[in-house]
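Remarks on the overall topology
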Amino acid sequence: MRTTKAIHQKHSSRRRSRNTEGSVSIFLIMILAFVFLFAAVLIDFARIAAANTQGERLARAGVRSVMSSYDIALKENYGLFAYGDSDGKMLLSQVLNDSFRKSGRGDEFNLLPLGLESSSLEMSRPLGDYAVFRHQINEEMKYKAPIDFTVELAGKFKPLSSAMGEASRTLDLFSQLQPLYDKREDALDLMLERRSQAAESGRSLLQLIMSSPAMEISSQSIGSLSSAADIVGQYSDYVSKTTADMNLEEGEYPRYASQISDYLQRSSEVITRLQSASISLQESQTKLMNEARDALKEAQILNERMKTILEQARTEEARPGYASAESWDIPGGSDGVSNTAMPNLREQAEGLLLSATDLSNMEAGISSQEHSYQILQQKVSGLPSLLGSTAGLNADISSLETAVLEASRIVNSYIQDYKAGGDIITDEKAAIESHRTSDKERKQTEKQSKVKLRDAMNIIARIRDLGERAYDSMDRYNMLRQYYDENRNFNANLDQDLPVDGESSADPYAAGSAAMDDVDGIYDAMGSVLNGAREHLFQNEYAALYFPHFDVSGLVALTAGGEGDPIQELSDQMDPHQQELEYILYGFYNPAGNVAAAYSEIFAARLAVRTMEGFIEKAALGNPLAVTAAALLYGLEKAIEDMVLLCKKGSLPLSKYVPMQLTYRDYLRIFMLVHGGGEVQLSRMLALIRLNTGVNPAEKFTYASEEIRLGMRLWFLPGVIKALNYTAGLPGDVQKNTYYKEIQADFAY
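Structure report, in brief. From a predicted model like this one, the values you see are computed outputs, not experimental measurements.

A look at the overall build of the protein
When helices and strands are tallied, the protein shows 27 helices and six strands. Counting across all 749 residues of the protein, residues that qualify as buried make up 47%. Looking at the protein alone, contacts between residues at least 24 apart form 83% of all its contacts between residues at least 6 apart. For the protein, the exposed area adds up to about 37,100 Å²; of that, 51% sits on carbon and sulfur atoms.

With respect to the pattern of salt bridges
A side chain with one charge may pair with a side chain of the opposite charge, provided their charged atoms come close. The full count for this structure, using the stated rule, is 34 salt bridges. For Glu193, the salt bridge identified is with Arg194, shortest N-O distance 3.8 Å. For Glu193, a relative accessible area of 41% corresponds to the partly exposed category. Arg194 sits in the buried class, given a relative accessible area of 19%. Taking the shortest distance from any N to any O, the salt bridge between Asp575 and Arg476 comes out at 2.1 Å. With Asp575 in the loop between helix H21 (566-570) and helix H22 (580-586) and Arg476 in helix H17 (residues 474-490), this pair connects stretches of sequence that are 99 residues apart. Of the residues examined, Asp575 reaches a relative accessible area of 8% and is grouped as buried. Sharing partners across several salt bridges, the network here consists of Arg184, Glu185, Asp189, Glu433 and Arg436.

Describing helix H9 (residues 228-246)
With 19 residues, H9 extends 26 Å from end C-alpha to end C-alpha; this agrees with the ideal 27 Å at 1.5 Å per step. Taken as a whole, H9 carries its principal kink of about 40° at Tyr235. Burial runs high along H9: 14 of the 19 residues are buried.

Description of the nonpolar core
Generally speaking, nonpolar side chains in soluble globular proteins are found buried as a group. Within the largest apolar cluster, 124 residues are counted, with the highest numbers of intra-cluster contacts made by Phe133, Met164, Tyr542 and Phe547. It is helix H23 (residues 593-617) that contributes the most residues to this core, 15 residues altogether. Here Tyr542 is in contact with Tyr78, Leu80, Phe133, Ile137, Glu140, Met141, Phe547 and Met685, once residues within four sequence places are set aside. Ala199, Leu225, Leu288 and Ala299 belong to the second largest nonpolar core, which has 56 residues in total.

Focus on the sheet that holds strand E1 (residues 114-126)
Spatial ordering of the open sheet is given by E1-E4-E6-E5, a layout of four strands whose pairing is antiparallel. The outermost strands of the open sheet, each flanked by one partner alone, are E1 and strand E5 (733-735). Neighbour to neighbour, the strand axes of the sheet diverge by 20° on average, direction disregarded. In this structure, strand E4 (residues 701-713) lies alongside strand E6 (residues 738-748), joined through eleven bridges in antiparallel fashion. Of the residues in E6, the one forming a bridge with Ser705 is Asp746.

Criteria and thresholds
Residues numbered from 1 in each chain as written. Predicted model: local features only at pLDDT ≥ 70, side-chain atom pairs only at ≥ 80, totals over all residues. Heavy atoms only, no water. Helix = DSSP H or I, 4+ residues; strand = E, 2+ residues; numbered from the N terminus. Buried < 20%, exposed > 50% of the residue type's maximum accessible area, 1.4 Å probe, protein only. Contact = heavy atoms within 4.5 Å. Areas by Shrake-Rupley, 256 points an atom, 1.4 Å probe, with all protein chains shown as cover. Salt bridge = Lys/Arg side-chain N within 4 Å of Asp/Glu carboxyl O. Expected span 1.5 Å × (residues − 1). Bend = angle between axes of the 7 residues up to and from the residue. Core = buried A, V, L, I, M, F, W, Y, C linked by side-chain atoms within 4.5 Å. Pairing = 2+ DSSP bridges. Axes fitted to C-alpha atoms, helices over the stretch in contact; angles between N-to-C directions.

Everything listed here is a matter of geometry and, on its own, says nothing about what the molecule does.
Next up, the structure:
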């Protein structure tokens, strides 16, 4: 039984073995199928990733290749990049087709058989747009401009900052005080003049009282009668003759009737004229003394205004540009003008004011004169009635003589005290003149300054006149203006911001003060740049680097009075191509306007620097107004000489105390810093570029946007890839058995 049982178990085991045969193979097949599916999907995913990367590279290479065809003229002449005249789409297609071209080998295996389905190219951001143009300027100048500006300009101006700051404040102060001072002194002179006129107006009255003042009145026969003294002197004879005619014997005729009648008539006329003269004198006195008081009041008001200006000057701080110059860290800078070299005239300005005591004394002088006149009026007003008694025969001749002599004395004394050159007026004028030290010399200096300033203005006027005869250049200026207007309109800015030809003052103080204001602006602008405002600097330095300026040596014939015809010599330089930097700076559309503006502004800068030197050179004069006037004359004379030197050599020392050279171009760079940096200057540069190259910057693009569509055939299970795309989110799209990818690439200069 044990044997049978063992046999039965053995057969049962064999049956179970036959039922499980092949199960391992099926399992392995399932595993392999899953591995193959995963590997196939992974391979296609890897190919898709590689295709994406390759497509990006191809797109970037394509757009770079297209943009490598830039305009050579713009690059070489102006350092600007803009797409040239080639057909960009054709160039892109050619580059992409070359990239996809097969090698032609039969045994080639291409893991990424990419195909170009479509391509497109769009250009934008024209060079004529302000933002684009300014960006390229910044890129071009961001390394050059700060170094060149610091070394070539700011480093030269820093040593003068302290002295120029003090000179600017000094000239600004005395330019305000000088006209007020002169008006005040004129008012004081007018006051004295009116007081003298008031006294002189009493001469006609004096003549009617006594033509020649004396200690007594001599008796005289009836005859010529023109004064109160004559009435008194002839009165005794009148009484005698009248008595004689009254005591005639019977039958006798009056012998003196005619003489008596003449005496009475002439006496009456003199008395009437005396009354009229007294009234007229009263009116003249009132009018002239009121005018004298008004003049003194005007002087007091002007004195207060001067005092206010001085108080403001004490609290005024230095301009920010001068203050910041002290902190400019510029290696290799030279020593400047020491603070002790520049006289502090502002501290001496207090001496120009009239004290309260001075003004009070002048007021007292007017009151004293009015009091003297009141005494005179009292003596004179009763004289006509006293003289009226001479018509009778019982007048008190002694009292009459005393009254006439006293009236004559008082009137004569009043006139002698207060007439021009009179004792009291002379003393008061001497008191006023005591604070007018150097006024005569100063006014003579001011006259000389006006002559020098007029000479300089005449040269500028002659430069302007050159443009009226340079007809050949006007067509190009008109074209330049058209290009400028088109660019402004292109940038949607219709405000023309037309240049203004500044009017030059004939007053040396105003001209000097304006020149100092210009230099103030230069230091402010330099301080702003060195403190970080660089975009303004980049634009200005770019203009100075790429646009030519006027050859200032052509002005020698005008400035130095040389021989030859300046019109003929300068005709070629009147063209806009020969003065592009000046046009960018000032924007005048006439052949000589920009050159005249540059000459005028350089002259003003030289005047400011030379006036600073003048303050140092003329400090020994003492009186602050005299020093200021002499400094201005010195500045004008030296500035005119500087302009001649600049035209001859093209450069000149910045100052007597800082002998570093500045060229004509350097000055234009400085003025660009003050006036430039705006959008109008950008349009002027773009207009010049168009005029010089024939290329319209508004039609030249700097930005390319490319879009290509690539396709790659999938090797395995595109349906699975497409299904996975719904969840995994592939960067492209699967259509049938092909993977497509749209790629965009951009490039900007």
